[in-house]
Amino acid sequence: MTTELFNGAEMVVKALAALKVKYIFGYPGGSVLDIYDAIFQQDEVEHILVRHEQAATHMADGYTRATGEVGVVLATSGPGATNCVTGIATAYMDSIPMVVLAGQVATTLIGDDAFQETDIVGCSRPIVKHSFSCRSLEEIPNVIAKAFYLANSGRPGPVVVELPKDMLIPQNKAPFHIETNVQIRSYSPTVKGHPKQIKKAVNTIVNAQRLVIYSGGGIISANASELLTQLVETLDAPITNTLMGLGGISGLHKNFIGMLGMHGSLEANKAMANADVILALGARFDDRVTNNVEKFCPNATIVHVDVDPTSISKTINAHIPVVGLADVVIQQLLDELTAIGFKADQERLAKWWQQVEGWRSVNSVSYEKNDNGLIKPQQAVEALYKVTNGEAYICSDVGQHQMFAAQYYPFAKPRQWINSGGLGTMGFGLPAAMGAQVAFPDAHAVCVTGDGSIQMNIQELSTCLQYGLPVKIVSLNNRSLGMVRQWQDMIYGGRHSSSYMESLPDFVKLAESYGHVGIQINHADELEDKLAEAFALKDRLVFIDILVDEKEHVYPMQIRHGAVDEMWIKKGEKA
Amino acid sequence: MRRILSILLENEPGSLSRIVGLFSQRSFNIESLTVAPTEDDSLSRITIATLGDDKVVEQIVKQVNKLVDVLKVTDLTERAHVEREILLIKVLAMNEKTRSEVKRITDIFRGSVIDIGKQVYTVQMTGDDDKLNAFIEALKNETEIIESVRSGTVGIARGDKALRA
């Protein structure tokens with residue numbers, strides 16, 4: 001019997017198929033043409049051609065955030081690879097598993113400044129979990145298997161695999177072997193919380209007078225929502241989510257007190273500031289949460305659960321660190337609570353909840369409608385919620401609209417809310433929505449964006465046409481870079497330096513020229529009806545250009561350098 | 001506070017640059033860094049001398065540990081250990097008085113003159129950071145230093161404690 005032989009390009013595709021990859025998001029070029037030839041000759045893995053490599057990374061990212069499956073990107077060497085850098089950094093900051101296959105010039109040319117040569121392993125080093133450069137044909141399948149394993153275990157993140165051209169050419173062949181049960185001797189992420197720490201954590205939690213649960217993206221990536229909800233209900237504690245953690249518990253749950261941090265609700269930030277015990281689950285005390293770390297909750301005992309030990313005591317000292325996966329640790333906490341026969345102290349809870357309800361009653365996440373029909377951006381998000389029945393995948397760009405979406409669209413389920421929280425990448429929204437739409441063709445995949453962000457990856461309207469992706473683009477068009485403008489209003493004496501978007505295109509005609517439907521909404525009275533009409537066009541991409549009040553600011557907002565709960569409630573009004 | 005970290009990592013292309021990149025990316029300090037393969041040539045051992053308070057060093061150790069290539073990290077300065085550095089130093093030795101003074105200082109510090117030129121002595125000195133600094137100061141009082149090179153600190157724990165894969 002003769003062993004079947006494969007070239008490197010075929011091995012790449014076979015490896016992806018063996019790892020159950022359904023889609024690759026990419027763009028061809030010289031160094032990866034052999035891979036494209038191999039893709040052409042099989043039908044297990046489908047390739048989706050974007051219009052810019054950055055969009056490929058965000059599309060893979062959106063696909064991953066919607067499904068939990070590792071997203072795969074394929075780009076050529078040089079500019080193809082460097083165009084991926086922003087998308088890799090976006091995934092890195094939000095701990096999203098991704099494998100980026102980047103072409104490279106032949107090993108005989110590496111270092112010679114060859115055509116389309118860049119050191120992508122070097123360029124991406126600070127923003128990847130790990131990277132590989134294949135230097136033999138035989139190792140390709142196992143390197144790809146390792147890349148997947150690394151990307152999707154422990155704290156997830158992007159992995160770059162560099163594939164030099166001479167590893168891929170048809171002339172060189174070898175037998176295909178892949179070991180999908182990967183073992184790496186230098187890598188063994190902690191999964192389970194240390195039993196002693198679990199006991200300590202539970203002891204602290206059950207003795208708390210004013211417990212608040214603060215959960216983040218770790219809940220989403222560990223698929224720990226149900227367990228989290230169970231924990232919240234067992235303890236009957238108030239829970240707040242980070243921007244990345246929204247949907248970790250239903251936004252409609254009675255214990256949910258809103259997002260915390262810079263644009264969080266008053267009750268969330270107040271609860272944090274007044275808690276005697278903070279249970280942090282899969283969140284990392286980001287500066288957009290803590291505000292001034294020197295003033296951050298000095299009297300609280302902090303129990304910090306995270307899969308990544310570096311996240312613990314990095315910015316805020318944890319009194320009780322627990323390293324482990326969120327789902328596993330929450331189960332351990334629940335088991336321990338059962339073991340000690342925990343019963344919630346109703347009196348204690350009632351007192352705490354009374355305080356929390358007091359803050360809640362301020363109704364800090366609110367706005368006033370205009371009398372003249374000029375649409376408030378918050379109003380647009382509320383209408384979107386209504387029209388989509390709260391069930392859409394909301395993929396946001398970056399800016400004011402992102403915060404309005406986070407505040408006014410309560411997410412009932414995890415993975416419904418897809419945004420670039422850590423890096424804040426404008427241009428993320430549209431390709432991310434496309435990725436979610438690829439994953440769920442029948443769902444509403446919505447890109448909530450603004451007139452600034454949408455122009456950063458607008459070329460992908462063409463990809464949407466090619467693949468029939470009926471994404472709904474909800475653009476809160478305020479003719480300016482709203483968040484920049486807000487800061488300029490608040491901090492820079494109202495000097496709008498380069499935050500006004502002159503010469504905006506006619507977005508309706510733009511959508512039409514790409515073969516899609518475009519509509520404009522400019523009066524509050526027609527907001528819901530026109531949105532409903534747009535969403536009724538199930539098979540079409542609709543660009544919904546909503547002209548909103550350009551003077552609106554996002555509130556509430558933490559006061560700079562202040563404590564977590566020092567906030568502006570509205571223009572000129574402090575909490 | 002000065003700390004000595006010992007790192008055992010895969011001896012693979014790029015693994016050193018990940019360590020160095022990490023330090024610059026997170027603005028951790030590197031006072032010295034040495035690296036070489038171990039007796040098992042699939043592994044390299046790095047010794048880094050760094051400065052930082054407890055919180056910073058805790059972060060450094062955790063961040064280094066997080067690198068996929070790294071098998072083990074330890075802060076040698078947490079316990080009894082031995083540290084050594086090699087200094088090769090070329091000094092002006094123009095006349096009998098300077099030559100004998102350089103030789104005398106070298107003997108006192110238990111180093112050796114390993115090469116001579118028409119007007120220079122080259123001295124090898126082994127010891128910890130403090131000793132080498134003291135030796136250099138002593139030489140400076142007697143003659144002019146032409147050139148010097150230090151290996152950077154290497155270290156190992158005392159007793160049975162070992163850093164192994």
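Definitions and limits used
Sequence order as written defines the numbering, with residues in each chain counted from 1. Here chains are named by letter from A upward and ligands by number from 1 upward, in the order in which they appear as written. Thresholds applied to this predicted model are a pLDDT of at least 70 for local features of residues and 80 or more for the giving and counting of side-chain atom pairs; totals over whole chains, interfaces and linings are not thresholded and use all residues. Each helix is a run of DSSP H or I of at least 4 residues and each strand a run of E of at least 2, with the numbering of both proceeding from the N terminus. To get the radius of gyration, use the C-alpha atoms; to get the globule rule, take the number of residues to the power 0.38 and multiply by 2.2 Å. Exposure classification rests on a simple neighbour count of other C-beta atoms within 10 Å of a residue's own: a residue reaching 20 or more is buried, one at 12 or fewer is exposed, and one in between is partly exposed. C-beta atoms are placed from the backbone. Contact definition: two residues whose C-beta atoms, as placed from backbone geometry, lie within 7 Å. Paired strands, in this sense, are two strands between which DSSP finds at least two bridges. An automatic or database domain assignment supplies the residue ranges for each domain. Any residue that is not Ala, Val, Leu, Ile, Met, Phe, Trp, Tyr, Cys, Pro, Asp, Glu, Lys or Arg is counted as polar, Gly included; the first ten are nonpolar and the last four charged. Each nonpolar core reported here comprises buried Ala, Val, Leu, Ile, Met, Phe, Trp, Tyr and Cys residues connected via C-beta atoms within 7 Å. Axis angles are defined between N-to-C directions and span 0 to 180 degrees, where every axis is a line fitted to C-alpha atoms and, for a helix, only to the segment in contact. To estimate the expected span of a helix, count its residues, drop one, and scale the result by 1.5 Å. Regarding the arc, it is the one traced by the directions from the helix axis to the C-beta atoms. Oblique is the label for any angle not under 35 degrees, not over 145, and not in the 65 to 115 range, which are roughly parallel, roughly antiparallel and roughly perpendicular in turn. For a crossing to be left-handed, the near helix must be turned anticlockwise from the far one by less than a right angle; the clockwise case is right-handed.

Right, let's get into the overall build of chain A. Looking only at helices and strands, chain A has 21 helices and 23 strands in total. Rg of the C-alpha trace for chain A: 25 Å, near the compact-globule value of 25 Å for 575 residues, within the 12% margin. Looking at chain A residue by residue over its 575 residues, the buried ones come to 57%. In chain A, 76% of the contacts between residues at least 6 apart in sequence involve partners at least 24 apart.

Residues and elements named next belong to chain B. Counting buried residues in strand 3 (residues 43–51) gives eight out of nine residues, a clear majority hidden from the surface. Strand direction decides the pairing type here: strand 1 (residues 2–10) and strand 3, joined by nine bridges, are antiparallel. Bridging across to strand 3, arginine 3 finds its partner in threonine 50. As judged from the six bridges shared by strand 2 (residues 32–37) and strand 3, these two strands associate in the antiparallel manner. In the strand pairing of strand 3, proline 37 is matched with serine 44. Between the antiparallel neighbours strand 2 and strand 3 lie five residues.

Before going further, it helps to examine the sheet that holds strand 23 (residues 573–574) of chain A. All names here are of chain A. Sheet architecture is open: three strands sit in the order 21-22-23, paired in antiparallel fashion. Two strands in the sheet have a free side with no partner beyond their single neighbour: strand 21 (557–558) and strand 23. Sheet analysis places strand 22 (residues 567–570) next to strand 23, joined by two bridges and oriented antiparallel. Bridge assignment links lysine 570 to a residue of strand 23, and that residue is glutamate 573.

This part is about the domain arrangement of chain A. One widely used convention gives an interface's size as the accessible area the parts lose upon coming together. Residue and element names in this part refer to chain A. The domain boundaries assigned to chain A delineate domain 1 (5–175), domain 2 (195–360) and domain 3 (377–554). Computed over C-alpha atoms, the centres of domain 2 and domain 3 are 31 Å apart. In this complex, domain 2 contributes twelve residues to the contact, which on the side of domain 3 involves 14 residues. Its residues assigned to classes, the side of domain 2 that touches domain 3 shows six nonpolar, six polar and no charged.

All right, on to the environment of B:Glu85 then. All names here are of chain B. Structurally, the position occupied by glutamate 85 is in strand 5 (residues 81–92). The exposure class assigned to glutamate 85 is buried, which follows from the 21 C-beta atoms found within 10 Å. Residues glutamate 85 and leucine 132 lie 47 residues apart in sequence; the distance between their C-alpha atoms is 8.0 Å. Those residues in contact with glutamate 85 that lie beyond four places of it in its chain are Gly127, Asp128, Asp129, Leu132, Arg150, Ser151, Gly152 and Thr153.

Moving on: the pairing of strand 12 (residues 277–281) of chain A. All names here are of chain A. Most of strand 12 sits inside the fold, with five of its five residues counted as buried. With burial as the criterion, each face of strand 12 is covered, one bearing Val277, Leu279 and Leu281 and the other bearing Ile278 and Ala280. In this sheet, strand 12 lies alongside strand 9 (residues 211–215) in parallel orientation, the contact comprising five bridges. In the sheet register, isoleucine 213 faces strand 12, and the bridge partner there is leucine 279.

As a further point, take the nonpolar core. One finds A:Val12 and A:Ile278 to be the most contacted residues of the largest nonpolar core, which totals 204 residues. Sort the elements by how many residues they give to this core and helix 7 (residues 140–151) of chain A lands first, with eight residues. With eleven residues, the next largest nonpolar core counts B:Val102, B:Leu132, B:Phe135 and B:Leu139 among its residues.

With that out of the way, let us pick up the interface of chain B and chain A. Across the boundary between the two partners, chain B contributes 15 residues, which contact 14 residues of chain A. If one sorts the elements of the side of chain B that touches chain A by residue count, helix 2 (residues 54–66) of chain B sits on top with five residues. When the residues that make up the side of chain B that touches chain A are grouped by side-chain class, the tally is three nonpolar, six polar and six charged.

Residues and elements named next belong to chain A. A sheet is described by the order of its strands in space; here six strands give the open sequence 3-2-4-5-7-6, paired in parallel fashion. With one partner strand each, in any of the chains shown, strand 3 (46–49) and strand 6 (130–133) form the two edges of the open sheet. Direction aside, the axes of adjacent strands within the sheet are offset by 20° on average. Where strand 2 (residues 23–26) and strand 4 (residues 71–75) come together, two bridges link them in parallel fashion. Residue pairing for strand 4: glycine 26 is matched across the bridge by leucine 74. Running at roughly 170° to strand 4, helix 3 (residues 53–67) makes contact with strand 2, strand 3, strand 4 and strand 5 (98–104) of the sheet.

Turning next to helix 14 (residues 346–360) of chain A. Residues and elements named next belong to chain A. Helix length check: helix 14 (15 residues) gives 20 Å between terminal C-alpha atoms against 21 Å at 1.5 Å per residue, within 8%. Every buried residue of helix 14 is accounted for by Trp352, Val356, Trp359 and Arg360. Down the axis of helix 14, the buried side of the element spans an arc of 100°, and every buried residue falls inside it. Opposite the buried face of helix 14, by more than 90 degrees, sit the exposed residues Gln346, Glu347, Ala350, Lys351, Gln354, Glu357 and Gly358. Buried residues in helix 14 make contact with strand 11 (256–259) and helix 11 (266–274).

All names here are of chain B. Contact geometry of helix 3 (residues 96–108) with helix 4 (residues 129–142) gives a least axis separation of 10 Å together with a crossing angle of 165°. It follows that helix 3 is roughly antiparallel to helix 4 by the angle criterion. Every pair of crossing elements has a handedness; the one defined by helix 3 and helix 4 is right-handed. Packed against helix 3, whose contacting residues are Thr98, Glu101, Val102 and Ile105, the element helix 4 presents Ala138, Leu139 and Glu142 at the interface.

All names here are of chain B. Under the domain assignment, chain B is made up of domain 1 (2–78) and domain 2 (82–154). Each of domain 1 and domain 2 has a C-alpha centre, and the two are 29 Å apart. With six residues of domain 1 at the interface, the matching set in domain 2 holds five residues. Counting only elements with at least two residues in the side of domain 1 that touches domain 2, the list comes to strand 2 and strand 3. Examining the composition of the side of domain 1 that touches domain 2, we find that three residues originate from one element, strand 2, more than from any other. Residues that form the side of domain 1 that touches domain 2 fall into these classes: three nonpolar, three polar and no charged.

With that settled, the discussion passes to the environment of A:Asp287. Residue and element names in this part refer to chain A. Its place among the elements puts aspartate 287 in helix 12 (residues 287–290). Given 11 C-beta atoms within a 10 Å radius, aspartate 287 is considered exposed. Taking the C-alpha atoms as reference, aspartate 287 lies 33 Å from valine 471; in sequence the two are 184 residues apart.

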